[in-house]
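Geometric and topological summary
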There are 2 protein chains.
Amino acid sequence: MIDQETAGRLDGYIEENLERYLDELRQLCAQPSVSAQNLGIQETAGLVSLMLAQRGFDVRTIPLTGGYPVVYAETPGQISRTMIFYNHYDVQPPEPLELWETPPFEPNIRDGKMYARGVSDDKGHIVSRLAAIDAVRAVTGRLPCRIKFLIEGEEEIGSPRLEKFVEENRGLLAADACVWESGGVDPAGRPQFYLGMRGICYLQLRVKTATKDAHSGLGGSIFPNAAWRLTWALASLKGPDETIKVAGFYDDVLPPSERDRQLLADLPSYEESYRQIYGLKGFLKGLTGVDLRQEAVFQPTCTIAGVTTGYQGPGGKTVLPAEASAKVDFRLVPNQDPFDIAEKAGRHLNSEGFDDVEVEVLAQEHPARVDPDHPFVKLAIDTARLVYGAEPVVEPMVGGSGPMYPFVEYLKVPIITPGVGYFGSLAHAPNENMQISEFLRGTKLMARILAEYSIS
Amino acid sequence: MIDQETAGRLDGYIEENLERYLDELRQLCAQPSVSAQNLGIQETAGLVSLMLAQRGFDVRTIPLTGGYPVVYAETPGQISRTMIFYNHYDVQPPEPLELWETPPFEPNIRDGKMYARGVSDDKGHIVSRLAAIDAVRAVTGRLPCRIKFLIEGEEEIGSPRLEKFVEENRGLLAADACVWESGGVDPAGRPQFYLGMRGICYLQLRVKTATKDAHSGLGGSIFPNAAWRLTWALASLKGPDETIKVAGFYDDVLPPSERDRQLLADLPSYEESYRQIYGLKGFLKGLTGVDLRQEAVFQPTCTIAGVTTGYQGPGGKTVLPAEASAKVDFRLVPNQDPFDIAEKAGRHLNSEGFDDVEVEVLAQEHPARVDPDHPFVKLAIDTARLVYGAEPVVEPMVGGSGPMYPFVEYLKVPIITPGVGYFGSLAHAPNENMQISEFLRGTKLMARILAEYSIS
């Protein structure tokens, strides 16, 4: 444990330099970097490289064939344990623009929050990591360990090239510990850690039964109907009992361990807030409590995310649709494989007679888990308890997906998720914002973890 | 049979006065009357009333509570057999405007066709009927029979108040024979008659499972999904074998008679043109020939006309939809009842566990049949054979729907369908048009039928 005085000096440094970091963040957020729209990517990669270079990092901008470059940085000369930071410099599209109270790329501070697209996801985290490193260097006179940064530009489009990049560069990226791109506090202000993410296999199904729509009176009994073909194909994937009917879908599922169940039992309940926020009458299968929490993250899913076909306007139109398409989102749990699942889904449709349904893969990511009892994870949780003065919330797994897998699989690092986010960050939505008080707390935690890591 | 000379004078009158009728049609088409948009309805009802009054009809504009007025007209003083003409003065919306070569409400003649919204459906038919009556009166010095007109303003929105109007006014509307609103020639130029229309029960299904969409990673395994509920509800209505699974759906179906089969066998085959126009590989159940023709019109249907839910744009969005809706179009054959079918569909959904699916009725019309061997029908077909010099095409039933039922049920009239339309009329589509040569032939046929009817 570092002494109280050092801890106080770290906090003091961060508080005293807050304005400088907010300026740096403002500058970074004023630069659009929308990967989905190829907007400002190179400029932002350059800006992030500069911020790292100014701090003495060796920085390389590594192009990815067919994609946006990775900014890679490392501290020169040190031989010691290594901590790698994973972040991303791209942001979600800002649309719908009319819902923003101030323009998305004109950072604005009001009511103790900075508003801008990307201010929480993930630019606030980048600046917070740098501020924490600055603090440790300023207070202790040196860096606590060798530090690497991997900052990608494709996270918001599903990190399609990251897994291969990490696999091929595992020597370059080798590390002993990893700090994930984001984190924050729960609605009660408790620091949150998540130790796993579900994988994803996101498919688009398309049926075309004719070259143009027909009048439903003409073709209703004799023409094939794309809307029906798609409906039946979808219904073949999952029934009202929620069991996914793709052959072999559950083969590789690992059930949660006793330790996982224990962590789930320790979590606060969000049932009431979900009921209120989403206006739900109840949850699937009538589940509640630990069983509901387990179902939410350790059960794989098959979600229809969208369907479009035929006439969708007001009133009736007597049309027989020639084309129909659906988006289908499978969330995967350890040890399911998104490539295996895509193949099984395609085989299933064929074997059910839906060879007229074309399947396109839109995104694939593996699930990943972090050992909740790894000393580095324990160090982060214990430090968070001190910094926040509250019992950390430790989620063995979250329902969402992210590119954790290559870090776990190829770098074999434990991963922690401290951060500056909060329940109202509105990441991906209009009026994305960051609470400045959470920026301070998240940065203090990061600095303290760095300092503790050097002596642990 | 009228003599050759009278026939020749009728034709001559129509040819000589063609320009005058085209002027009258131009004036009528220049007046928008879009029932779906409440555009120009009263003005058009007034214009049509004036055209009838100028010809000596007693005209009344009869308001329909909550709807658009019916223009009713009859010849005064005559006591004889009565022929009633059913037409409509409303038209389909002209959108999309950018696909029109000339503006939809600025009638334009080119290449022997008049282009305008409503020129074929149904304003050309109204003017053609009037021209035929004028010709008979001019050539024979009198009207051949008592004539009534029922011209409604809601046909293009499904004639929601017509059935009740006819039922309640069966004394006023009493007649011995009926001329339907439209007709024309088939692609080979043969006059077409259709002696029945399927009914319709058009439903909208809606599911709402939450007050807002959720992230699919968050809710995928625990939140109800409106898209799935709707998919399963739809799949419960009909399976890939095309059998409709609503309990009692087929109870009242009357199979076609031997006479119907014989009429179907006499029809030309449109299989190849459907294959080409719609790019079809084949027809449902592998049917061809008479079996296909029978299936097309004597089989009731359940058609998904549209589905909308969740994200429908390019790429993937990880959303769990809170709302989903579908349009479902049932075509009904004699003696199915659209009110009974709506009730059975609702009961079916409830009994299958889909009480979260809200059902709204968007349109209901009964199926109707005309006796192919009625003397009036025979007179029309025989006259058409003479006027067109070609064997008429007689369809015992068409797949589409229209308000024939109240005429058959309450007025108990035989119905014929001579007309000025053709395969390329583009009714309901941009660049709706009428071939002037078909206007001439259709009007000559109508005049000749009137003249024959007076002596038959």
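To be clear, the structure that these remarks concern was listed above.
**Concerning the overall build of chain A**
Scanning chain A for helices and strands turns up 15 helices and 20 strands. Over its C-alpha atoms chain A spans a radius of gyration of 24 Å, differing by no more than 12% from the 23 Å that the globule rule assigns to 456 residues. Along the first, second and third principal axes, the C-alpha atoms of chain A reach 80 × 45 × 45 Å. By the burial criterion, 61% of the 456 residues in chain A qualify as buried. With 44 positive and 62 negative side-chain charges, chain A shows a spacing of 0 Å between the two charge centroids.

**Thoughts on the relation of the copies chain A and chain B**
Rotating chain A by 180° and translating it 0.0 Å along the rotation axis places it on chain B, where the RMSD comes to 0.1 Å. The superposition of one copy onto the other is thereby described by a two-fold rotation axis. Proximity to the rotation axis, assessed at the C-alpha, singles out T308 of chain A in chain A; its C-alpha lies 2.6 Å from the axis. Counting the interface residues of chain A, we find that 100% of their copies in chain B are interface residues as well, pointing to one common contact surface.

**Re the packing of helix α13 (residues 375–388) of chain B against helix α15 (residues 436–455) of chain B**
Residue and element names in this part refer to chain B. It is the contact of α13 with α15, at a shortest axis distance of 9 Å, that shows an interaxial angle of 135°. Here α15 runs oblique to α13, going by the angle between their axes. As α13 runs across α15, the sense of the crossing is right-handed. For the pair α13 and α15, contact is made by F376, L379, A380, T383, A384, V387 and Y388 and by E438, R441, G442, K444, L445, R448, I449, E452 and Y453, respectively. Residue classes in the contact of α13 with α15 are distributed as 9 nonpolar, 2 polar and 5 charged.

**As for the pattern of salt bridges**
What the rule picks out here adds up to 54 salt bridges over all chains. Among the ionic pairs, R110 of chain A bridges to E101 of chain A, the shortest N-O distance being 3.5 Å. Given a relative accessible area of 63%, E101 of chain A falls into the exposed group. The partner of R206 of chain B in a salt bridge is E360 of chain B, and the shortest N-O contact between them spans 3.2 Å. Residue R206 of chain B is located in strand β11 (residues 199–208), and its partner E360 of chain B is located in strand β16 (residues 357–365); the two are separated by 154 residues in the primary sequence. Using a relative accessible area of 32% as the deciding quantity, one classes E360 of chain B as partly exposed. Overlapping salt bridges bring together K378, D382, R385 and E391 of chain A as one network.

**What about empty space enclosed by the protein?**
Throughout the structure, instances matching the rule amount to 4 cavities of 30 Å³ or more. Volume-wise, the largest cavity comes out at about 70 Å³. G220 and S221 of chain A together with K238, E242, I244, Y250, K285, E295, Q299, P300, T301 and C302 of chain B together form the lining of the largest cavity. Volume-wise, the second largest cavity comes out at about 60 Å³. Lining the second largest cavity are T231, L234 and V307 of chain A together with A227, L230, T231, L234, V307 and T309 of chain B. Within the residue set of the lining of the second largest cavity, elements represented by two or more residues are α8 (226–237) of chain A together with α8 (226–237) and β13 (303–310) of chain B. In terms of residue count, the dominant contributor to the lining of the second largest cavity is α8 of chain B (4 residues). Its residues assigned to classes, the lining of the second largest cavity comprises 6 nonpolar, 3 polar and no charged.

**Some words on the interface of chain A and chain B**
Size of an interface: often given as the accessible area lost when the parts come together. With 70 residues of chain A at the interface, the matching set in chain B holds 70 residues. For the pair chain A and chain B, the two sides together bury roughly 5,500 Å², of which 63% comes from carbon and sulfur. Contact with chain B buries surface across chain A, with I222, W228 and Y278 of chain A losing the most and accounting together for 14% of the total. Linking chain A with chain B are 0 salt bridges, by the criterion used here.

**Looking at the sheet that holds strand β2 (residues 70–74) of chain A**
In a beta sheet, neighbouring strands pair by backbone hydrogen bonds and run either parallel or antiparallel. All names here are of chain A. Here we have 6 strands laid out as an open sheet, ordered β1-β2-β6-β3-β7-β19, and mixed in their pairing. Pairing within the sheet leaves two strands with one partner each, and these edge strands are β1 (58–62) and β19 (415–416). Two elements, β1 and β2, share 5 bridges in a ladder whose sense is antiparallel. Note that in β2 the partner of T61 across the bridge is V71. Here helix α4 (residues 119–140) sits on the sheet and contacts β3 (82–88), β6 (146–152) and β7 (177–179); the angle it forms with β3, its principal contact strand, is near 155°.

Cut-offs applied
- For every chain, the first residue of its written sequence is number 1, and the numbers climb from 1 along that sequence.
- All chains are assigned letters beginning at A, and all ligands numbers beginning at 1, according to the order in which they are written.
- The predicted nature of this model means local features are confined to residues of pLDDT at least 70 and side-chain atom pairs, given and counted, to a pLDDT of 80 or more, with totals for whole chains, interfaces and linings taken over all residues.
- Only hydrogens and water are removed before side-chain values are computed, so all heavy atoms of the structure are retained for them.
- A run of H or I in DSSP counts as a helix once it spans at least four residues, and a run of E counts as a strand once it spans at least two, with each numbered from the N terminus.
- Our radius of gyration is a C-alpha quantity, and the globule rule it is checked against amounts to 2.2 Å times the number of residues to the power 0.38.
- Only protein chains enter the calculation, and the probe is 1.4 Å; a residue is then buried if its accessible area is under 20% of its type maximum, exposed if over 50%, and partly exposed in between.
- Charge counting treats Lys and Arg as positive and Asp and Glu as negative, with His and both chain ends excluded.
- Every charge is mapped to an atom, namely NZ of Lys, CZ of Arg, CG of Asp or CD of Glu.
- Alignment of the copies relies on least squares applied to C-alpha atoms, considering only residues that score at least 70 for pLDDT in both.
- Contacts are assigned to residue pairs that have any heavy atoms within 4.5 Å of one another.
- Orientation is described by lines fitted to C-alpha atoms, with helices fitted over the stretch in contact, and by angles between N-to-C directions that extend from 0 to 180 degrees.
- Angle categories are assigned with fixed cut-offs, so that under 35 degrees is roughly parallel, over 145 is roughly antiparallel, 65 to 115 is roughly perpendicular, and the rest are oblique.
- By convention the crossing between two helices is left-handed if the near helix lies anticlockwise of the far one by an angle smaller than a right angle, and right-handed if it lies clockwise.
- Residues are grouped as follows: Ala, Val, Leu, Ile, Met, Phe, Trp, Tyr, Cys and Pro are nonpolar; Asp, Glu, Lys and Arg are charged; all remaining types, including Gly, are polar.
- Basic side-chain nitrogens of Lys or Arg form a salt bridge, by our definition, when they fall within 4 Å of a carboxyl oxygen of Asp or Glu.
- As defined here, a cavity is a set of points on a 1 Å grid over the protein atoms alone where a 1.4 Å probe fits but cannot get out. A pocket is an open set with protein on both sides within 12 Å along at least five of seven lines, and residues line them when an atom is within 4 Å of a point.
- Grid points are joined across faces, edges and corners, and a volume is the space filled by probe spheres set on the points.
- The term buried area means the drop in 1.4 Å probe accessible area that two parts suffer when joined, counted for both and summed.
- A pair of strands is considered paired only if DSSP assigns at least 2 bridges between the two.

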